[in-house]
Amino acid sequence: MKPAVLTGEYFMTGDVACAEGALAAGCRFFGGYPITPATEIAERMALRLSHVDGCFIQMEDEIGAMAAVLGASWGGVKSMTATSGPGFSLMMENIGLGICTETPCVVVNVQRGGPSTGLPTHGAQSDMMQARWGSHGHYEIIALAPSSPQEIFYLTITAFNLSEKYRLPVLIMTDEIVGHMSEKVIIPEAKLIEIVSRPRPKGRKDRFKPFAPGPNGVAPMPAAGEGYNLHITGLTHDEKGYPVMAVETQTEMVARITEKIQRNLDDIIRTDDFLLDDAEIAVISYGVSVRTSMAAVAEARKLGIKAGLLRLVTIWPFPEHQICKLADRVKGFVTVEINLGQIHREVERCVGGKVPIFLVGHPGGTIIHPDSVVNLLKEAF
Amino acid sequence: MQEIPKPSKKQPCHPLDDLIRTDRIPHIWCPGCGIGTVFSSCLAALKGSGINLGKTVMVSGIGCSGRAAGYVKLDSFHTTHGRAIPFATGLKLANPELNIVVFSGDGDLFAIGGNHFIHAARRNMDMTVICVNNLNYGMTGGQVAATTPYLAKSTTTPVGNPETPFNLPLMAYACGATYVARWTMLHTRDLTDSITEAIGKKGFSFIEALSPCPVNYGRRNKQKPLDMLKVYQKKAIIKNDADPSTLDIDFEKGIILGKFVDVDRPTFIEHYDKIYRPSRLQENVPGLNS
Amino acid sequence: MDFWRVPLDADTIKVSLGIVHILEDRCKGCGYCIEYCPKQALELSTKFNQKGYHPPVVVKPEECVNCHYCEIICPEFAIFSVESPPITEPGRAGTHPNSAIKVK
Ligand SMILES: Cc1ncc(C[n+]2csc(CCOP(=O)(O)OP(=O)(O)O)c2C)c(N)n1
Ligand code: SF4
Ligand code: SF4
Ligand code: SF4
Ligand SMILES: [Mg+2]
């Protein structure tokens with residue numbers, strides 16, 4: 001039996017570090033279904049949850065897994081699942097239920113090449129738009145992109161904290177390369193890890209409204225069996241949780257689930273930069289491609305090209321403000337991602353034609369070589 | 001002269017009003033729809049079972065039957081189409097103290113959600129599943145279901161159903177359910193008794209409740225609301241412990257009703273605790289919250 | 001209730017054991033309670049409720065045996081029966097002419 005926080009230094013894969021991050025964050029339920037390259041997260045959780053009085057279940061499919069994760073969250077437990085493209089597609093409807101019912105939980109997508117069964121054992125970053133809009137309806141989502149095993153450990157904790165704070169499913173959009181690479185991971189002492197738990201209701205139970213937003217736009221959340229007689233539905237509902245089939249209620253509900261994110265962008269959005277202060281060319285990247293981009297920027301600097309990196313840790317909500325600001329001062333942009341231009345289009349939207357913008361990407365299967373970025377920088381600028 | 005009680009001016013309370021969200025009544029079910037009767041029976045069973053209703057949760061999928069969760073004054077979850085059982089599985093595993101009742105339709109539980117039913121029964125997940133079988137998809141306007149009789153008409157089998165329907169109790173039995181019964185909404189008392197028994201029993205319990213959908217099924221198959229009830233009355237054969245393989249619904253020869261399975265088998269959680277959380281068994285920890 | 005002797009007219013006295021309450025505005029007029037009342041104590045009324053349905057009316061209150069069947073078959077939580085209050089007058093077991101109480 002081991003503790004929830006395995007304080008120490010390890011050589012770990014990204015997948016295992018993700019599981020350890022979840023446990024450190026307080027996750028006590030995992031419902032999953034095996035899929036390459038995310039299986040190792042489930043495997044790690046299957047054993048480790050038993051050490052911490054948690055519960056693991058391998059469901060019959062990813063639809064069931066996602067439904068069970070939501071159920072467990074309403075049972076009062078921090079819960080998660082992990083999958084890859086095909087499973088992520090199957091989870092979409094219930095991710096929408098989680099958004100609509102404001103249910104905290106974490107969904108990890110260890111991305112592989114698609115479409116369809118695609119490249120099960122090779123990485124890609126091509127589910128980024130599915131992460132944004134994969135479930136039907138209009139909503140906001142939070143998605144984070146780690147670029148190393150150490151980061152996946154920390155960002156999994158961040159993902160739980162954000163999901164609990166803002167009551168919604170938070171996505172970790174990693175990929176096969178990070179998931180399967182082994183690197184040094186330092187797990188700090190438990191007392192140094194900040195853990196956020198869902199806001200809890202106070203006051204009279206009979207008057208409680210599970211969707212009446214608090215000061216930061218988020219409603220406190222009780223669990224089933226606590227005497228609130230909750231009614232939770234994926235139908236359009238009022239603050240009480242009752243279904244109301246009216247345009248006004250629809251407007252109010254969608255405002256609730258979008259504004260709680262939009263009003264807190266500063267708290268949610270995380271970016272990092274590298275040699276960006278004096279940069280004339282901004283390289284925009286996230287996840288594993290950050291590794292490519294950092295090497296490329298360093299190389300470009302050696303060649304006298306004033307490139308810098310803006311690294312998106314939070315992908316959704318999109319760091320529009322940061323990119324718009326850059327667009328006013330740099331001479332050009334390069335997006336680096338393993339797809340044919342998903343986040344690139346978002347960058348384009350923010351740049352708004354002010355300066356030229358280029359993409360370095362391919363449809364998946366391997367990490368992008370820094371030379372492709374350096375070559376583009378040399379040719380284009 | 002004897003005292004004649006005066007009619008009370010105040011609206012008297014229906015005996016089940018304390019379990020209903022009266023602020024949401026009238027419910028959406030059509031006149032003559034049997035779902036309300038099955039729902040009422042379920043509430044009576046919940047009340048009569050003596051379980052802690054504060055720790056009791058109703059989970060529904062999508063469909064007319066799935067709206068039940070919206071009318072019960074308990075913690076209640078109206079999930080996605082077919083996914084009530086896996087959602088309930090998560091709830092139960094997160095807090096094993098909860099009593100779980102899944103109340104949903106035949107399409108929800110056995111077409112789109114069939115896989116989840118199979119596996120929850122196999123695992124012996126501790127919950128009571130009540131299926132309102134109205135032989136079609138009521139909510140979407142009367143399409144063919146996995147339970148629609150051979151040759152019956154629906155909007156998507158306009159000339160007659162070419163498919164063979166499920167024998168639901170056989171399926172539940174084959175998957176490992178520890179309690180299996182079938183009644184019609186007309187056999188309300190038996191239905192209530194069965195639900196009461198199922199709620200009190202640990203393990204995966206399944207009750208099929210035949211119920212009319214006069215608006216979508218009845219209308220296309222020349223049955224007025226009362227006709228269906230007459231069929232239930234005339235064709236019912238109560239045969240407890242009948243062999244599950246003989247339970248195909250045959251409106252000509254007869255519909256076998258009764259309790260068919262009542263066995264004991266360790267639940268998923270019991271197995272899991274034994275193998276993975278032996279310390280929990282000693283400490284008797286109720287929830288997962290540490 | 002035990003009687004020290006059986007009333008002479010026991011076979012003619014109707015023993016009403018139940019009082020039926022109808023929440024008229026909840027009713028959707030399916031008629032199930034009427035059809036399946038074992039005592040034919042109910043009939044469809046001619047009037048309309050708020051929703052435009054004909055709710056049942058108790059036509060033979062003295063017949064009600066408080067079996068609750070109307071209550072449990074009703075899909076609308078619109079009808080229920082309760083036990084009649086005990087009657088003190090000797091020889092008249094639980095009979096009163098006004099045992100059906102309708103409430104709007
Ligand atoms: C994923 C998905 N597919 C289809 C639907 C549309 N839909 C709503 S209810 C329903 C059928 C319900 O049938 P059943 O479970 O038998 O319930 P009933 O209405 O007959 O009580 C369907 C197909 C949906 N809501 N979600
Ligand atoms: S459509 Fe059928 S199942 Fe749905 S409420 Fe009406 S009668 Fe009942
Ligand atoms: S309680 Fe029984 S006898 Fe009395 S009205 Fe209802 S169904 Fe008829
Ligand atoms: S069973 Fe209920 S809804 Fe139907 S007629 Fe009687 S009181 Fe009305
Ligand atoms: Mg149906």
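The structure under discussion appears in the preceding block.
Presented here is an overview of the structure given in this document. (Residues numbered from 1 in each chain as written. Chains lettered and ligands numbered in written order. Predicted model: local features only at pLDDT ≥ 70, side-chain atom pairs only at ≥ 80, totals over all residues. Heavy atoms only, no water.)

## Remarks on the site of ligand 4
Neighbouring ligand 4 are Cys27, Lys28, Gly29, Cys30, Gly31, Cys33, Pro56, Cys74, Pro75, Glu76, Ala78 and Ile79 of chain C. Along the lines of polarity and charge, the residues of the shell around ligand 4 split into 8 nonpolar, 2 polar and 2 charged. (Near = heavy atom within 4 Å. Nonpolar A, V, L, I, M, F, W, Y, C, P; charged D, E, K, R; others polar.)

## Digging into the sheet that holds strand S8 (residues 255–262) of chain B
Read from one edge to the other, the open sheet built from 9 strands follows the order S10(A)-S2(B)-S1(B)-S3(B)-S4(B)-S6(B)-S5(B)-S8(B)-S7(B), with strand pairing classed as mixed. Each edge of the open sheet is held by one strand with a lone partner, namely strand S10 (231–233) of chain A together with strand S7 (236–238) of chain B. Strand-to-strand twist across the sheet, computed as the mean angle between neighbouring axes with direction ignored, equals 20°. Here strand S3 (residues 99–105) of chain B runs beside strand S4 (residues 127–133) of chain B; their pairing, made up of 5 bridges, is parallel. Looking at S4 of chain B, one finds that glycine 105 of chain B is bridged to valine 132 of chain B. Contacts from helix H6 (residues 188–200) of chain B reach S3, S4, strand S5 (179–184), strand S6 (204–210) and S8 of chain B, with the element oriented near 160° to S5 of chain B. (Pairing = 2+ DSSP bridges. Helix = DSSP H or I, 4+ residues; strand = E, 2+ residues; numbered from the N terminus. Axes fitted to C-alpha atoms, helices over the stretch in contact; angles between N-to-C directions. Contact = heavy atoms within 4.5 Å.)

## Focus on the sheet that holds strand S12 (residues 281–285) of chain A
Residue and element names in this part refer to chain A. In space, the 5 strands of this open sheet follow the order S11-S13-S12-S15-S16, with mixed pairing throughout. Two strands in the sheet have a free side with no partner beyond their single neighbour: strand S11 (271–274) and strand S16 (357–361). Recorded for the sheet is a direction-independent mean angle of 20° between the axes of neighbouring strands. Here helix H10 (residues 289–302) sits on the sheet in contact with S11, S12, strand S13 (307–312) and strand S15 (332–337), set at roughly 165° to S13. Sitting on the sheet, helix H11 (residues 320–327) is in contact with S11, S12, S13 and S15, with an inclination near 165° to S13.

## Some details on the pairing of S15 of chain A
Residues and elements named next belong to chain A. Across the 6 residues of S15, 6 count as buried, placing the element largely inside the fold. Alternating positions in S15 separate into two faces, Gly332, Val334 and Val336 on one and Phe333, Thr335 and Glu337 on the other, with burial throughout. As paired elements, S12 and S15 share 5 bridges and run parallel to each other. Across the sheet, the residue bridging to valine 283 is valine 334, located in S15. As defined by bridge partners, S15 adjoins S16 across 5 bridges and the pair is classed as parallel. When the sheet's bridge partners are listed, valine 336 is paired in S16 with valine 360. Regarding the hand of the β-α-β motif, the stretch spanning S15, helix H12 (residues 343–351) and S16 is right-handed. (Buried < 20%, exposed > 50% of the residue type's maximum accessible area, 1.4 Å probe, protein only. Right-handed = clockwise from strand over helix to strand, strands pointing away.)

## A short note on the pairing of S13 of chain A
Residues and elements named next belong to chain A. Along S13, 6 of the 6 residues are buried, which leaves the element largely enclosed by surrounding structure. Side chains Ala307, Leu309 and Arg311 project from S13 onto one buried face, and the interleaved Gly308, Leu310 and Leu312 project onto a second face that is buried too. Examined bridge by bridge, S11 and S13 share 4 bridges and lie antiparallel to one another. Bridge pairing in S13 places phenylalanine 274 opposite leucine 309. Relative to S13, S12 is paired through 5 bridges, and the arrangement is parallel. If you follow isoleucine 281 over to S13, its bridge partner there is alanine 307.

## Description of a nonpolar patch on the surface
Together, Ile28, Ile62 and Met139 of chain B make up an exposed nonpolar region whose accessible area comes to about 220 Å². Checked against the element boundaries, isoleucine 62 of chain B lands in the loop between strand S1 (56–60) and strand S2 (75–78). (Patch = residues over 30% accessible without salt bridge, like charges linked within 9 Å, V, L, I, M, F, W, Y side chains within 5 Å. Areas by Shrake-Rupley, 256 points an atom, 1.4 Å probe, with all protein chains shown as cover. Salt bridge = Lys/Arg side-chain N within 4 Å of Asp/Glu carboxyl O.)

## Structural notes on H11 of chain A
Residue and element names in this part refer to chain A. Of the residues making up H11, those classed as buried are Ile323, Leu326 and Ala327. Buried positions in H11, seen along its axis, are confined to an arc of 105° and lie on one side of it. Exposed residues lying more than 90 degrees from the buried face of H11 are His321 and Lys325. (Arc of directions from axis to C-beta.)

## Considerations on the pattern of salt bridges
Tallied over the full model, the rule gives 38 salt bridges over all chains. For the salt bridge of lysine 302 of chain A with glutamate 299 of chain A, the shortest nitrogen-to-oxygen distance reads 3.8 Å. A residue pair is termed a helical-turn pair when its members lie 3 or 4 positions apart in one helix, as lysine 302 of chain A and glutamate 299 of chain A do in helix H10 at 3 residues. Classification of lysine 302 of chain A by relative accessible area gives exposed; the value is 69%. In this structure, glutamate 76 of chain C engages lysine 28 of chain C in a salt bridge whose closest nitrogen and oxygen atoms are separated by 3.4 Å. With glutamate 76 of chain C in the loop between helix H2 (69–73) and strand S4 (79–83) and lysine 28 of chain C in the loop between strand S1 (18–23) and helix H1 (32–36), the pair connects residues that are 48 residues apart, well separated along the chain. Classification of glutamate 76 of chain C by relative accessible area gives buried; the value is 4%.

## Examining H10 of chain A
Taking 1.5 Å of rise per residue, 14 residues should cover 20 Å, and H10 of chain A covers 20 Å from first to last C-alpha, within 8% of that figure. One or two residues past the end of H10 of chain A sits glycine 304 of chain A, with phi positive at roughly 85°. (Expected span 1.5 Å × (residues − 1).)

From the geometry alone we can't say anything about function, so treat these as descriptive.
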